[in-house]
Amino acid sequence: MANAVYNQMLTWWVILRLGIEERLVYRGDFALGTLMRFLPIITQIFLWWAIFESIGDGDQSVARIGEYSYSDMVAYYLLTMLTRAFSSMPGLASGIAGQVRNGEIKKFMIQPIDMIGFLLINRIAHKLAYYSVAIGPFALVFFLCSGFFPDRPDMTTIAAFIATLLMGFVLGFFLEASIGMISFWFLEVSSLLFVYMLFSFFLSGHMFPLDMLPAGWGTIVDFLPLKYLAYFPAAVFLGKVPEDELARGLLIELGWILFFIAFSRFAFWRGLKRYSGFGG
Amino acid sequence: MNEPSQTPNVPRGPAYLKVLLTFARNSLIRDMTFRTNFIVQCVSATSWTLMNIGFYEIIFSHTGSIGASTGWGKYEFYVFLATTWLVNSLVQAFFMPNAQEFSELIRTGNLDFALLKPIDTQFLISFNKVEWSSLSNFGVGLLLLIYGVMQLTTRPVSPIEVNAITVVLYFFFVLCGVAILYSLMIALAATSIWLGRNQSLYNFWFYITNFSRYPMEIYNTGYGQPLYYTFTFIIPVLIVVNVPAQLMAQPLAATSESIVPLASFAVVATLGSLLASRLVFKRALLSYRSASS
């Protein structure tokens, strides 16, 4: 019994290690790419400077949009880069769809390995490899921009922030895996994915702080899981989430995570039942 | 592009216009073969654009203008935004697929076949394919432009005047902008001859042109000035959208006299960019070593 558990762990460990090594092959290109991804922040800094300047009638330091000052706004964009580094899952849903379409998924039915588990471990490996390289560019940019950040937040905030980042990863994974499972029913999901990406970009808070939305939209966004992928962790760090709402938000996020774990499992199970593979 | 070579044995050069029209027709035929896919592409391209309007709609619900005393109010900025899409949709429709294809031709060694054809290589590479679906954003841009200009010309306080000359000049400078971006793109693509592979071409392209998407005034303060001058005079991406947009929207800063120096510079910059990209392209071709066996 103990041996079986050990073997199981060993399998997952090997998958994890292979995933990390695979990713670190192109680390130079990787680091440069990460640094380049911060370039749009420069335009954001100037754009928001101009916007706050006109709100404050020439003096941007007094201007506010909702609860956000100019520095808050820039810090918000930097923080969403960080939250997206946890929650974004490039190629996950389309990868599942591709495997369903070209029949590669058969290997998970034959081999004694669970597909969702395999993908999760692989994704963790990719993320770990990514952080080990990206920490350099991230540290550099955050250091250069440290003036935009508020004074060090208290321990509760930091703990909550880390929790939201990790939960953002889990939520992002199972949400996208669930979308990928839809490919059992529709073979081509690329346009569906595009629609999801579009809404996600707008409603997750990646494009702007969701507090800027008009009242009605704000309520809709509150009911969607998307805001936990970018907005929520950043808002927590900047202290824009009152304490009583913080616990509520974390609980709702947990609820969404459980929902999507269950949904992706269920869809995978149902999908395999109707899946038919041909050829060898 | 290049004047056809005149030698005694070959009295007529290639008919560039005819070739261009054939390219455009072939691409359209290919697109129309998969009509649903074409429509999906159009819808996704425009929905992205419409979402951008949503973003600025939200921004302008919080502020009256972008930058104090720059004059880029809501409708002026909509004209700016429309100009961005007109320029970008043209570049995306005509040059983006070709630049990517060019990098691929170099990597696989298939550029040999392009070099062998009795027509200017840069012309052949640049116009080979037209992505018609990208032009859907040209339509959206045009609608937004008309809407913005209508709002500006009919507003009760200091309405702007737009006459035929403004319109002609506007589209002339839109084309100048397209030419500048084209030069930048083909020069970037040509570097893959030296680098072997240029996968981040699209990324790099996006990050550079990202600077052109906002009124240039926002960079003209303190720390922004190095950017302002670099992207105006060295890599002139800032004038791509700004010159036609200022001409049409006429924000506070731009009176018809004050825009003359910038507009004249835009013409010079366009010619300079085209020439520079031609030189880079020629120079790069000299270093081309085929990859075939």
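Before reading further, recall that the structure is shown in the block above.
Calculation rules
Residues numbered from 1 in each chain as written. Chains lettered and ligands numbered in written order. Predicted model: local features only at pLDDT ≥ 70, side-chain atom pairs only at ≥ 80, totals over all residues. Helix = DSSP H or I, 4+ residues; strand = E, 2+ residues; numbered from the N terminus. Rg over C-alpha atoms; globule rule 2.2 N^0.38 Å. Buried ≥ 20, exposed ≤ 12 C-beta atoms within 10 Å, placed from the backbone. Contact = placed C-beta atoms within 7 Å. Nonpolar A, V, L, I, M, F, W, Y, C, P; charged D, E, K, R; others polar. Axes fitted to C-alpha atoms, helices over the stretch in contact; angles between N-to-C directions. Parallel < 35°, antiparallel > 145°, perpendicular 65-115°, else oblique. Left-handed = near helix turned anticlockwise from the far one by under 90°.

Is there a simple way to explain the overall build of chain B in this structure?
The helix and strand tally for chain B stands at 13 helices and 0 strands. Put simply, chain B runs from its N terminus to its C terminus through helices and strands in the order α-α-α-α-α-α-α-α-α-α-α-α-α. Relative to its length of 293 residues, chain B is compact, with a C-alpha radius of gyration of 21 Å against a globular reference of 19 Å. Overall size of chain B, expressed as C-alpha extent along the three principal axes, is 65 × 45 × 40 Å. Sorting the 293 residues of chain B into buried and exposed places 36% on the buried side. Restricting to contacts in chain B with at least 6 residues of sequence separation, those with at least 24 account for 80%.

Can you help me understand the environment of B:Val87 in this one?
Within the secondary structure, B:Val87 sits in helix H3 (residues 74–94). Classification of B:Val87 by C-beta neighbours within 10 Å gives buried; the count is 26.

Any chance you could explain the interface of chain A and chain B here in plain terms?
Many authors give the size of an interface as the accessible area that is lost as the parts come together. Across the contact, 25 residues belong to chain A and 26 residues belong to chain B. The element that contributes the greatest number of residues to the side of chain A that touches chain B is helix H3 (residues 39–55) of chain A, accounting for 11 residues. The class makeup of the residues in the side of chain A that touches chain B is 18 nonpolar, 5 polar and 2 charged.

What is the right way to look at the packing of H3(B) against helix H8 (residues 164–190) of chain B in this model?
Any two packed helices are characterised by how steeply their axes cross, that is the angle between the axes, and by the distance between the axes. All names here are of chain B. It is the contact of H3 with H8, at a shortest axis distance of 9 Å, that shows an interaxial angle of 50 degrees. Between H3 and H8, the interaxial angle falls into the category oblique. Of the two elements, H3 crosses H8, and the hand of that crossing is right-handed. Facing H3, whose interface residues are Thr-83, Leu-86, Val-87, Leu-90 and Val-91, H8 presents Val-174, Gly-177, Val-178, Leu-181 and Tyr-182. The class makeup of the residues in the contact of H3 with H8 is 8 nonpolar, 2 polar and no charged.

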